[in-house]
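# Survey of secondary and tertiary structure
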Amino acid sequence: MAAQEVQTVLTEILGRVKALDPANARHWFENLTVLHFDGGSLVVGCPDEATVQFLHDKCKTSFTRAAQQITGHLVAVEFRICTEQQPSRPRPAHRTEPPLHPDYTFENFVVGPSNRLAHASCVAVSQSPGNTYNPLFLYGNSGLGKTHLLHAVCHQAREKLDGAVIQLLSCEQFVNRFIHAIGEGNVLGFQSQFRTVDMLVIDDVQFLREREQSQQEFFHTFNALYNNGKQIILSADSPPAEIPSLEARLISRFNWGLVARIDPPSYETRVAIVQKKAQLRGLHISEEIAEYIGQKVQANIRELEGALTTIYALAVTNGQDVTLELAQRALEGQIQLADRHTTISDIIAAVTKHFDVRLADLQSKKRSQSITMPRQICMYLARNLTRHSLEEIGGHLGGRDHTTVMHACNKIDQAKRSDPKVNALLNELTRQIANPLRG
Ligand code: ADP
Ligand code: MG
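What you are looking at is a predicted structure, and each value in this text was computed from that prediction instead of being measured.

The subject of this paragraph is the nonpolar core. The biggest cluster of nonpolar side chains holds 27 residues, and the ones touching the most others in it are Phe-137, Ile-202, Val-205, Phe-218, Leu-234 and Phe-254. Among the elements of the structure, strand E5 (136–139), helix H5 (171–184), helix H6 (187–194), strand E7 (199–203), helix H7 (212–227), strand E8 (231–236) and helix H8 (248–254) are those that each provide at least two residues to this core. No other element matches H5, which puts 5 residues into this core. Those residues in contact with Val-205 that sit more than four places away from it in its chain are Phe-137, Cys-171, Leu-234, Ser-235, Ala-236, Ile-243 and Phe-254. Counting 26 residues, the second-largest nonpolar core is a separate cluster that includes Ile-347, Ile-348, Val-405 and Ile-433.

Here it is, written out as structure tokens:
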């Protein structure tokens, strides 16, 4: 087959992939090339490792199905870096786990009042690592763009800093690698790997809680990098001082640079994000529908994307155009869930019922175990299931201050880890709170 024909087959396959899996289709699919095609095997050429990884993880099944449907026979699909497309300049060294997500760039990040500071500080750090904010600490609830920003910094720094060693990983991976190194008797190897990078980016550092030995190791890694002017970027679901059981010296270091909070996005930002996500997938979306999604889905940005996918999946399944009416139908079930936020009252109702105590007791000064435990469980659940601050939670439970709430959360968290019965009880209460009607 001539090269031109081969590329046409790929174009048809890409069209089919888009119909089969709109959530993972991207406008940059147009830039993919064919490296090899012999009827039974198709090797797709990609510009970089991040693209290969994305296609391999998210799109292999849809590519295989599409190739089969278009060609009429079984085709094994593979993705590889297309070296011809690569500039001769060697790629800077970087190690990232997971590999950088090709969508998570500054270009694809919508800036609004809720994330302006976090975004600006990430841009500054990627331009001049080690020289502006060190460490940079981002925090905010789940689904508000922390991981996206961390990847964006790494993308940018990779472009900018030839040869710099950038290490991005989740805190869980850091801890697991450390434990593995201890098991293998190779702690020195672990240390030399992490203490010699130019930029260390660790996502979700709340995972360090209660892991004393890992905290110690992290402390020394931090110092080694910091003292050498190397950039450190961290993210977590709460500010340093509110991460349970985090050593004071780590809290203090995390506060040395800039601590930037990300808030839930405003309506305008949500609409702009929906439009950006649609554009990224090569979908056309009317303003009316983007506004509808922005109004209906408020909780987190991951859910905004989910709504978009649900709408397009319904359109593809029914072979219909995306209209407002179709969007409303697609989101009907989802919205009921999204509209129903868990409140402290839901939590108090479930806990008082389970322990057979009264709200007045929880709010009172009583300190008997039969009252203290349910009160602490309320605080723990409110912390984990709602967006209220420690102060607000304390306010609902008899005007207690934030350190009392924090102490309660730590205590229940510890009990949950060490006592399977407590763990089961918390799971059961959480289930009841999510489905109050079924009790
Ligand atoms: P977190 O790490 O805070 O839980 P993520 O970075 O995983 O959140 O973000 C969840 C999803 O929302 C990702 O797909 C991300 O691209 C998207 N997202 C979050 N904030 C924005 C934004 N401001 N603009 C565009 N997409 C965003
Ligand atoms: Mg994340």
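Let's pick the thread back up.
Right, let's get into H5. For H5, spanning 14 residues, the distance from its first C-alpha to its last is 20 Å, which sits close to the expected 20 Å at 1.5 Å a residue. Along H5, the residues that are buried comprise Cys-171, Phe-174, Val-175, Phe-178 and Ala-181. Mapping the buried residues of H5 onto a view down its axis gives an arc of 125°, with all of them on the same face. In H5, those exposed residues whose orientation departs by more than 90 degrees from the buried face are His-180, Gly-183 and Glu-184. Looking at the buried residues of H5, the elements they touch are strand E6 (166–170), H6, E7 and H7. Positioned one or two residues after H5, Gly-185 has a phi angle of 70°, which is positive.

Next up on the list: the sheet that holds strand E2 (residues 41–46). The 3 strands lie next to each other as E1-E2-E3, forming an open sheet whose pairing is mixed. The sheet is open, and its two edges are formed by strand E1 (33–37) and strand E3 (76–81), each paired on a single side. On average, each strand axis in the sheet is inclined to that of its neighbour by 25°, with strand direction left out of account. Where helix H1 (residues 3–20) meets the sheet, it contacts E1 and E2, and its direction lies at approximately 110° from that of E1. On top of the sheet, helix H2 (residues 49–71) reaches E1, E2 and E3; it is set at about 150° to E3, its chief contact.

On to the pairing of E8. In terms of burial, E8 is largely enclosed, as 6 of its 6 residues are buried. Burial of the side chains of E8 extends over both faces: Gln-231, Ile-233 and Ser-235 are buried on one face and Ile-232, Leu-234 and Ala-236 on the other. Sheet analysis places E5 next to E8, joined by 4 bridges and oriented parallel. Its bridge partner lying in E8, Tyr-139 is registered against Ala-236. By the bridge criterion, 4 bridges tie E7 to E8 in an arrangement that is parallel. By the bridge assignment for E8, Leu-200 is matched with Ile-232. Handedness of the crossover is the feature at issue here: the chain leaves E7, passes through H7, returns alongside E8, and the resulting connection is right-handed.

By convention here, two paired aromatic rings are described through the distance between centres and the angle between planes. Applying the stated criterion across every chain yields a total of 15 aromatic pairs. Residues Phe-222 and Phe-254 carry aromatic rings whose centres are separated by 6.2 Å and whose planes lie at 45° to one another, so their mutual orientation is tilted. With Phe-222 in helix H7 and Phe-254 in helix H8, this residue pair connects regions lying 32 residues apart in the sequence. Under the relative-accessibility criterion, Phe-254 is labelled buried at 0%. Of the aromatic side chains, those joined through ring pairs into one cluster are Phe-137, Phe-174, Phe-178, Phe-190, Phe-194, Phe-218, Phe-222, Tyr-226, Phe-254 and Trp-256. The ring of Phe-207 has Arg-211 sitting right over it, with the charged end atom 3.9 Å from the ring centre.

It is worth spelling out the site of ligand 1 at this point. Around ligand 1, the structure places 18 residues, and the nearest of them are Val-110, Gly-143, Thr-147, His-148 and Glu-305. Between ligand 1 and Asn-115 there is a distance of 3.3 Å, counted from a nitrogen atom to a side-chain nitrogen or oxygen. Protein coverage of the free-state accessible area of ligand 1, which is 560 Å², stands at 95%. At the level of secondary structure, the elements contributing two or more residues to the shell around ligand 1 comprise helix H4 (146–160), helix H9 (267–280) and helix H11 (301–318). Along the lines of polarity and charge, the residues of the shell around ligand 1 split into 6 nonpolar, 8 polar and 4 charged. When residues are assigned to domains, the shell around ligand 1 turns out to be shared by domain 2 (116–261) and domain 3 (267–319), each giving three or more.

Interhelical geometry of helix H17 (residues 402–418) versus helix H18 (residues 420–434) gives an angle of 115° and a closest axis separation of 5 Å. As the angle between them shows, H17 and H18 are arranged roughly perpendicular. By crossing handedness, the relation of H17 to H18 is classed as left-handed. Contacts between H17 and H18 pair Ile-412, Ala-415, Lys-416 and Ser-418 from the former with Pro-420, Val-422, Asn-423, Leu-426 and Asn-427 from the latter. The residue inventory of the contact of H17 with H18, partitioned by class, reads 5 nonpolar, 3 polar and 1 charged.

Here we take up the side chain of Ser-121. Among the structural elements, Ser-121 can be located in helix H3 (residues 116–127). At a separation of 2.8 Å, a polar atom in the side chain of Ser-121 contacts the main-chain carbonyl oxygen of Leu-117. Ignoring any residue separated from it by four or fewer positions in sequence, one finds Ser-121 in contact with Tyr-133, Leu-136, Leu-258 and Ala-260.

Procedures and definitions
Residues numbered from 1 in each chain as written. Chains lettered and ligands numbered in written order. Predicted model: local features only at pLDDT ≥ 70, side-chain atom pairs only at ≥ 80, totals over all residues. Heavy atoms only, no water. Core = buried A, V, L, I, M, F, W, Y, C linked by side-chain atoms within 4.5 Å. Buried < 20%, exposed > 50% of the residue type's maximum accessible area, 1.4 Å probe, protein only. Helix = DSSP H or I, 4+ residues; strand = E, 2+ residues; numbered from the N terminus. Contact = heavy atoms within 4.5 Å. Expected span 1.5 Å × (residues − 1). Arc of directions from axis to C-beta. Pairing = 2+ DSSP bridges. Axes fitted to C-alpha atoms, helices over the stretch in contact; angles between N-to-C directions. Right-handed = clockwise from strand over helix to strand, strands pointing away. Phe/Tyr/Trp six-rings, centres within 6.5 Å; stacked < 30°, edge-to-face > 60°. Lys NZ or Arg CZ within 6 Å of the ring centre and 35° of its normal. Near = heavy atom within 4 Å. Polar contact = N/O pair within 3.5 Å; in protein donor to acceptor, adjacent residues only side chain to side chain. Areas by Shrake-Rupley, 256 points an atom, 1.4 Å probe, with all protein chains shown as cover. Nonpolar A, V, L, I, M, F, W, Y, C, P; charged D, E, K, R; others polar. Domains from an automatic or database assignment. Parallel < 35°, antiparallel > 145°, perpendicular 65-115°, else oblique. Left-handed = near helix turned anticlockwise from the far one by under 90°.

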